Amino acid sequence: MRLAELSERSGVAIATIKYYLREGLLPPGRRVSATTADYDEGHLRRLRLVRAMIQVGQVPVARVRQVLAHVDDESLGRTMRLGAALWALPHEPEQADGKGEGGEDGDGEDEATTAARAEVDQLLRTLGWSTARELGELSPVHRSLVAAVATLTRLGYPWDAALMAPYARLMHQVAVRDLDFVETFPSEAEKVETAVAATILFQPVLKALHRLAQEEESARRYGLE
């Protein structure tokens, strides 16, 4: 397809597509003349992924470029390729500023963070999530979880491994469904692209479903009055 058709099918303005091309977020089309190029379904799919990251995920262009570099890295196996792409996405703040309530200045770690790290490690042991334990602090997701649990503890809502385990098991069921969906796509690139898009696009859906479920359960338990 030509640029105009790519724009029409994707809903992305031609000027924006040209910007993505200049920034290296979209691979160049097949040149058919000095001023014309052809684009295929892969360009359309990549364009939708880029828009999902920028519009929905609010991911900066430089970070999008980093994520896409991992998506396109054929030297990596599927697990490493997928993991690297997802790690490159922005995460929740991984560390508190170390000041204020319960924190401390300098390089030290406050008691809440130390306790949170121990609870997360116990959680992973309980679940048998050996890969997550081995990666530990290397994973930005692990660091985000520790920071979140530490924040809850400082606010007077201590979440220990026993409290987190049922939620983690439910999230594992979600992960199984996620990867079952990813497996429906034929190529390695499509699988990784879909996993990245799903991480950004499905999380608002999961959050909304969680809140709807809370509303429904509240009404069942306590009535509507």
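This one's a predicted model, so the numbers in the text were calculated from it and none came from an experiment. (Residues numbered from 1 in each chain as written. Predicted model: local features only at pLDDT ≥ 70, side-chain atom pairs only at ≥ 80, totals over all residues. Heavy atoms only, no water.)

A. Molecular detail of the confidence of the model for the chain. With 92% of its residues at a pLDDT of at least 70, the chain reaches an overall mean of 87. A low-confidence stretch, residues 94-106 (pLDDT under 50), is modelled with 17 contacts involving residues beyond four sequence positions or located in other chains. (pLDDT = per-residue confidence, 0-100. Contact = heavy atoms within 4.5 Å.)

B. Region of the structure containing the packing of helix H9 (residues 161-182) against helix H10 (residues 188-222). In the contact formed by H9 and H10, the axes pass within 10 Å of each other and the chain directions differ by 140°. The pairing of H9 with H10 is recorded here as oblique in orientation. As for the relative orientation of H9 and H10, their crossing is right-handed in sense. Residues Val174, Asp178, Phe181 and Val182 of H9 lie in contact with H10, whose contacting residues are Lys191, Thr194, Ala195, Phe202 and Leu206. (Axes fitted to C-alpha atoms, helices over the stretch in contact; angles between N-to-C directions. Helix = DSSP H or I, 4+ residues; strand = E, 2+ residues; numbered from the N terminus. Parallel < 35°, antiparallel > 145°, perpendicular 65-115°, else oblique. Left-handed = near helix turned anticlockwise from the far one by under 90°.)

C. Spatial organisation of unusual backbone geometry. At glutamine 58, a residue that is not glycine, the phi angle is positive and equals roughly 55°. Looking at the secondary structure, you find glutamine 58 in the loop between helix H3 (41-56) and helix H4 (61-71).

D. Spotlight on the pattern of salt bridges. Under the defined criterion, the tally for this structure stands at 16 salt bridges. Arginine 78 is the salt-bridge partner of glutamate 183, the closest N and O atoms lying 2.7 Å from each other. Of the two residues, glutamate 183 is situated in the loop between H9 and H10 and arginine 78 in helix H5 (residues 78-88); the sequence distance between them amounts to 105 residues. Across the pair aspartate 121 and arginine 125 runs a salt bridge whose closest N-O atoms are separated by 2.9 Å. Note that aspartate 121 and arginine 125 are positioned in helix H6 (residues 111-127) at a spacing of four residues, about one turn of the helix. Residue classification places aspartate 121 among the partly exposed positions, given a relative accessible area of 27%. One salt-bridge network, in which partners are shared between bridges, spans Arg45, Arg46, Asp72, Glu190 and Glu193. (Salt bridge = Lys/Arg side-chain N within 4 Å of Asp/Glu carboxyl O. Buried < 20%, exposed > 50% of the residue type's maximum accessible area, 1.4 Å probe, protein only.)

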